[in-house]
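A look at the structure
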There are 2 protein chains.
Amino acid sequence: MDLMDEIKKRSVHVDKGIGEMLPIEHPEELYRASRYLPDAGGKRLRPAVLMLATEAVGGDPMSVVPAAVALELVHNFTLVHDDIMDNDDVRRGMPAVHVKWGSAGAILAGDTLYSRAFEIISSMEKDPESILKCVALLSKTCTEICEGQWMDVDFETQETVTEEEYLEMVEKKTSVLYGAAAKVGALLGGASDEVADALYEFGRLVGISFQIQDDVIDMVTPEEILGKVRGSDLIEGKRTLIAIHALNHGVELDIFGKGEAVTPEQIDEAVAILEKSGSIGYAQELSASYLEEGKKMLDILEDSEAKDTLLAVADYMVTRNY
Amino acid sequence: MDLMDEIKKRSVHVDKGIGEMLPIEHPEELYRASRYLPDAGGKRLRPAVLMLATEAVGGDPMSVVPAAVALELVHNFTLVHDDIMDNDDVRRGMPAVHVKWGSAGAILAGDTLYSRAFEIISSMEKDPESILKCVALLSKTCTEICEGQWMDVDFETQETVTEEEYLEMVEKKTSVLYGAAAKVGALLGGASDEVADALYEFGRLVGISFQIQDDVIDMVTPEEILGKVRGSDLIEGKRTLIAIHALNHGVELDIFGKGEAVTPEQIDEAVAILEKSGSIGYAQELSASYLEEGKKMLDILEDSEAKDTLLAVADYMVTRNY
């Protein structure tokens, strides 16, 4: 199995679905602003997880394309609004939506992605009870994402951040949407609540693993692969799991939160200190244990190609190095 | 019937519902920011329309309180985001959400109101098919509100705005939510699609009438009742129906878009010109005809106290003078 081919096989339908289900309508510039980020690509991992979950419980993945599109739109909505809040001006190598259309334009583009996602999912031709469960789950997930983003913004001015708080933030900001993807796919594929809940846990746990690994990647990946300054989280003073572990263990990091005037040698030195203190290793181990726990959740499924692919997606999410 | 008593009888349940269905949870400050505007009051006209529609089709109004709360939260979500976009720093006589919590806080508070509204409505104990219709309608309505707000922001830099464009903007920005309120109430009250659609039209038409009247009120109401500078729309150069009519008829308005340095005498003079040109009268007549058309939609209902109250709410919305 070539995993990228497997993901691509599904994402072509999602790409096509985005064009059909979020057409450029009047007022056209609003829809151009809304389509800008979804059209810029991305791997469509969440839609792939959703469609694979449907297939893995014996459903027809093509029948859930609208739900996969809705999920991708929700993901893009969070990116558009987060970039305004975090003043991040570049996304997917392009100017962010708020750079091109201003804050007002980006707020409205995000709101439109959000409501269109719920329009799409609530108009699906599936049994009303399953769809309603998906709407309830997706809206709850969106509330949790807001909570996670609020915590993340708060961390910047909070004196201390505990590991527990960090994990809660990561769970809400990132992992619940993976959980929702897997569960929505299962529900619309006709799975029992027990199976659907196990798939939620799969997505949630793998999502946490993925985010912790993201912090590790920032430290250990060569810049030419990373595409940005290595150790940027450290320099910005971001409370990653690695930083929290180090601070808790009295590790002194001169460059933490120091901003731009940091040399590559200083970053190498800091990374060496964090390797020695066990902070990087700790994050790697915790990420690996969430991954294993998550994958175990799929034991509830019968063996199938889709199940194998889901497991491979989980491995890929965590072992990718950029 | 004392209309204010009738509205109050219903709004107490909505107020209580907001406290129960949007409790202050962790992270508390996010929920405080989200609750700030709903807790500041407002007449709860939309929830009242929703509950009255349920009653007028023979349903139990108490069974739709969650839907009424959801609708009020959606309304508040639009206010929170609009105030950021329009740089409006005061709302309901208090500092706007973005003034108290910053733009990032207000974006998230709005998003939370939005997703919580869908959580509440999708978790109602009603038959799934009706709830799903309501979710589909409410999400479509939110998309239209985004379209209307985009048009409104665009008008500021657009050289000419036609009456047709103005009416489309008003319909989307304001009136579809009244339409949705009435239709959701009808659907959850067990009405047929035909009756539910008629109630949608009632809300939509009365909503347009209400918004046109809002422009008139800005001109003709004494400042001590208005609570703000009379003619502020004119001074700001806002494309109201009155201004569009006047511009289309070659009426010269020195103070249009002139900003703050305008005297009360100049405003009196401008209003006199607009009376003479028939621009104010034109808006009043159009508003009245939308009101009548809207009220006629209720002919489909059997006579009842709830129907009379709905008609009285419609009259009140348009004949209020502040």
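This text follows the structure it describes.
Residues numbered from 1 in each chain as written. Chains lettered and ligands numbered in written order. Predicted model: local features only at pLDDT ≥ 70, side-chain atom pairs only at ≥ 80, totals over all residues. Heavy atoms only, no water.

Regarding its fold elements, chain A presents 14 helices and 2 strands. Since a compact globule built from 322 residues should have a radius of gyration of about 20 Å, the 20 Å found for chain A is in line with a globular shape. Its C-alpha atoms give chain A principal-axis dimensions of about 60 × 50 × 35 Å. Counting only residues that meet the buried cut, chain A has 59% of its 322 residues in that class. Here the analysis covers contacts within chain A between residues at least 6 apart in sequence; of these, 70% occur between residues at least 24 apart. Of the accessible surface of chain A, which amounts to about 13,000 Å², a share of 48% is contributed by carbon and sulfur atoms. Across chain A, the mean location of the 30 positive side-chain charges is 4 Å away from that of the 60 negative side-chain charges. (Helix = DSSP H or I, 4+ residues; strand = E, 2+ residues; numbered from the N terminus. Rg over C-alpha atoms; globule rule 2.2 N^0.38 Å. Buried < 20%, exposed > 50% of the residue type's maximum accessible area, 1.4 Å probe, protein only. Contact = heavy atoms within 4.5 Å. Areas by Shrake-Rupley, 256 points an atom, 1.4 Å probe, with all protein chains shown as cover. Lys, Arg positive; Asp, Glu negative; His and termini not counted. Charge placed at Lys NZ, Arg CZ, Asp CG, Glu CD.)

A separate point is unusual backbone geometry. Following A:H26, the chain continues to A:P27 via a peptide bond in cis, the omega torsion being -5 degrees. Here the phi dihedral of A:N87 falls at roughly 55 degrees; this positive angle occurs in a residue that is not glycine. For A:N87, a relative accessible area of 60% gives the class exposed. Of note, B:R92 is a non-glycine position whose phi angle comes to about 50 degrees, a positive value. Tracing the chain through its elements places B:R92 in the loop between β1 (90–91) and β2 (94–95). Owing to a relative accessible area of 30%, B:R92 belongs among the partly exposed residues under this scheme.

Further remarks concern a negative patch on the surface. Residues and elements named next belong to chain A. Together, D88, D89, E156, E236 and E260 make up a region of like negative charge exposed at the surface. Relative to the helices and strands, D89 is located in the loop between α4 (65–85) and β1 (90–91). The exposure class assigned to D89 is partly exposed, which follows from its relative accessible area of 43%. (Patch = residues over 30% accessible without salt bridge, like charges linked within 9 Å, V, L, I, M, F, W, Y side chains within 5 Å. Salt bridge = Lys/Arg side-chain N within 4 Å of Asp/Glu carboxyl O.)

Turning to the relation of the copies chain A and chain B, a few remarks are in order. At an RMSD of 0.0 Å, chain A and chain B line up after a rotation of 180 degrees and a shift of 0.0 Å along the axis. The relationship between the two copies is best expressed as a two-fold rotation axis. Both copies contact each other with a shared surface, as 100% of the interface residues of chain A are interface residues in chain B too. (Least-squares fit on C-alpha atoms with pLDDT ≥ 70 in both.)

For the coordinates displayed, the defined rule picks out 10 aromatic pairs over all chains. Ring centres of A:Y114 and B:Y114 lie 4.4 Å apart, and the angle between their planes is 80 degrees; on these two criteria the pair is classed as edge-to-face. Here A:Y114 is found in helix α5 (residues 97–122), whereas its partner B:Y114 is found in helix α5 (residues 97–122) on a different chain. One aromatic cluster is present, formed by A:F77, A:Y114, A:F118, B:F77, B:Y114 and B:F118 through successive ring pairs. Above the ring of A:W101, the side-chain terminus of A:K100 is found at 5.7 Å from the ring centroid. (Phe/Tyr/Trp six-rings, centres within 6.5 Å; stacked < 30°, edge-to-face > 60°. Lys NZ or Arg CZ within 6 Å of the ring centre and 35° of its normal.)

Take the environment of A:P264 next. All names here are of chain A. Along the chain, P264 falls in helix α12 (residues 264–276). Residue P264 is classed as exposed on the basis of its relative accessible area of 54%. With 35 residues separating them along the chain, P264 and V229 place their C-alpha atoms 8.9 Å apart.

This next bit is on the pattern of salt bridges. Residues and elements named next belong to chain B. Inspection of every chain in the model, using the stated rule, returns 50 salt bridges over all chains. The partner of K172 in a salt bridge is E147, and the shortest N-O contact between them spans 2.9 Å. Within this pair, whereas K172 is found in helix α7 (residues 163–188), its partner E147 is found in helix α6 (residues 128–155), the two being separated by 25 residues in sequence. Among the residues examined, K172 registers a relative accessible area of 14% and is labelled buried.

Glancing now at the state of the cysteines. All chains considered together, the criterion is met by 0 disulfides over all chains. Lacking any disulfide linkage, A:C142 is separated from the closest cysteine sulfur, that of A:C146, by 7.1 Å. Residue A:C142 is classed as buried on the basis of its relative accessible area, which comes to 2%. Of all cysteine sulfurs, the one in B:C142 lies closest to B:C134, which takes part in no disulfide; the gap is 13 Å. On the basis of relative accessible area, B:C134 is assigned to the buried category, the value being 0%. (Disulfide = S-S within 2.5 Å.)

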